[in-house]
Amino acid sequence: MARKGAPAKGRKDRIRGREEREPFAAPVDSGRAELLPDRERPDGWTLLLDGAPQSHVDLGDPAHLSFAYQRRLGHIIDLAAPPLQPLHVLHLGGGAFTLARYTAATRPRSTQQIVEIDAALVRLVRERLPLDPQARVRVRSVDAREGLAKLPDGWADLVVADVFSGARTPAHLTSAEFLTDVRRVLKPSGQYAANLADGPPLAHLRGQVATAAAVFPELALAADPVVWRGRRFGNAVLLASALPLPVAEFTRRVASDPHPGRVEHGRALTDFTGGAAVVTDAAAKPSPAPPPSVFEDL
């Protein structure tokens, strides 16, 4: 029963709900963060950093993945082990914790770590888009490679890299040395998944595939057909492992998405690299900046 003189609980919740559905913006360590309500989903929010869409979450349905690249990463989480089997997952890059929420919802009792360097962003997300208190998720505000280095050998079933600074992947997260440490942290059967971004002529993407191939013997890459053809800037999801990948089922799921994509692997993916050089720490560069037109309709 509500305390005398205070609004009834239902009314209080409705008032709070209206306030929380207003757009919100605040400075964070990496720039300006904005939370925009999703007008089609009553509990949905989009996180933007300096105007670039970074994450979408649905607090009422954390298994809903709105962005195409997030759905592809969701397929990888689904296929990493039998349904409902808990996983040890390391997320490099936190954003709005979308994929950690997805993992907790679809694989209860999973143990997860998020490494997100932007401490102010972490505080904002925790306050405005709180995690389920039952989710076993630890968040550390350090650099991705620093956080990776602190994990023991063979800890992770899955490492997910989705790190962007100013809409670009930092150079030190594109090298063979970085991927070698990722492989160290993975279990022998573990998988590495990365959200990559590039545009014509796809030189960065080719280099990232060649670099991953120097560390992992099994690779697959998913992207929209227009990205594969080098017609526009977009995301591609790389999947890598020491053991054979579930390529057939991953391909089927990506092809049946609302925005269908294409998966390449094996000889076709090797041919795609076109002899690109392996990226080392000494030669690493950030991923290309997206053209302004990528976000103009958002």
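What this report covers is the structure whose coordinates are included nearby. (Residues numbered from 1 in each chain as written. Predicted model: local features only at pLDDT ≥ 70, side-chain atom pairs only at ≥ 80, totals over all residues. Heavy atoms only, no water.)

**Quick word on the overall build of the protein chain**
Stage number 1. Looking only at helices and strands, the protein chain has 10 helices and 12 strands in total.
Stage number 2. Since a compact globule built from 298 residues should have a radius of gyration of about 19 Å, the 19 Å found for the protein chain is in line with a globular shape.
Stage number 3. The principal-axis extent of the C-alpha atoms belonging to the protein chain is close to 75 × 40 × 35 Å.
Stage number 4. When the 298 residues of the protein chain are sorted by exposure, 48% land in the buried category.
Stage number 5. Across the protein chain, the fraction of contacts at a sequence separation of at least 24, relative to all contacts at a separation of at least 6, is 67%.
Stage number 6. Accessible surface, the protein chain: about 14,300 Å² in total, of which carbon and sulfur atoms supply 53%.
Stage number 7. In the protein chain, which carries 38 positive and 34 negative side-chain charges, the distance between the mean positions of the two groups comes to 5 Å. (Helix = DSSP H or I, 4+ residues; strand = E, 2+ residues; numbered from the N terminus. Rg over C-alpha atoms; globule rule 2.2 N^0.38 Å. Buried < 20%, exposed > 50% of the residue type's maximum accessible area, 1.4 Å probe, protein only. Contact = heavy atoms within 4.5 Å. Areas by Shrake-Rupley, 256 points an atom, 1.4 Å probe, with all protein chains shown as cover. Lys, Arg positive; Asp, Glu negative; His and termini not counted. Charge placed at Lys NZ, Arg CZ, Asp CG, Glu CD.)

**Some remarks on unusual backbone geometry**
Stage number 1. In the segment running from P200 into P201, the intervening peptide bond is cis, with an omega of 5°.
Stage number 2. Among the structural elements, P201 can be located in the loop between β9 (186-198) and α7 (203-213).
Stage number 3. Even without a glycine there, the phi angle at F97 is positive, about 65°.
Stage number 4. Since its relative accessible area comes to 2%, F97 is described here as buried.

**Some thoughts on the sheet that holds strand β8 (residues 156-161)**
Stage number 1. Ordered in space as β7-β6-β5-β8-β9-β11-β10-β12, the eight strands form an open sheet in which the pairing is mixed. Here the strands that pair on one side only, and so sit at the sheet edges, are β7 (137-140) and β12 (262-265). Along the sheet, successive strands turn relative to each other by an average axial angle of 15°, direction set aside.
Stage number 2. Note: strand β10 (residues 218-223) against strand β11 (residues 234-241), six bridges, orientation antiparallel. (Pairing = 2+ DSSP bridges. Axes fitted to C-alpha atoms, helices over the stretch in contact; angles between N-to-C directions.)

**Focus on the environment of A222**
Stage number 1. Within the secondary structure, A222 is located in strand β10.
Stage number 2. Along the chain, A222 and I114 lie 108 residues apart, while their C-alpha atoms are 24 Å from each other.
Stage number 3. A222 has contacts with R72, W228, N235, A236, V237, F250, V254, R262 and V263, leaving out every residue within four places of it along the chain.

**What to know about the layout of surface pockets**
Stage number 1. Considering only enclosed or pocket space, the second largest pocket measures out at about 270 Å³ in volume.
Stage number 2. Partitioning the lining of the second largest pocket into residue classes produces eight nonpolar, two polar and six charged. (1 Å grid on protein atoms, 1.4 Å probe; cavity = no way out; pocket = protein on both sides within 12 Å on 5 of 7 lines; lining within 4 Å. Points joined across faces, edges and corners; volume = space filled by probe spheres on them. Nonpolar A, V, L, I, M, F, W, Y, C, P; charged D, E, K, R; others polar.)

**Digging into the pattern of salt bridges**
Pairing is possible between side chains that carry opposite charge, provided their charged atoms lie close to one another.
Stage number 1. One pass over the full model with this rule turns up 13 salt bridges.
Stage number 2. Of the charged contacts in the structure, one is a salt bridge between E249 and R253, with a shortest N-O distance of 2.9 Å. Of this pair, E249 and R253 both sit in helix α9 (residues 247-255), four residues apart, which is roughly one turn of the helix.
Stage number 3. Residue E249 is classed as partly exposed on the basis of its relative accessible area, which comes to 26%.
Stage number 4. Each of D78, E249, R252 and R253 takes part in a single network of salt bridges with overlapping partners. (Salt bridge = Lys/Arg side-chain N within 4 Å of Asp/Glu carboxyl O.)

Spatial relationships are all this shows, so hold off on functional conclusions.
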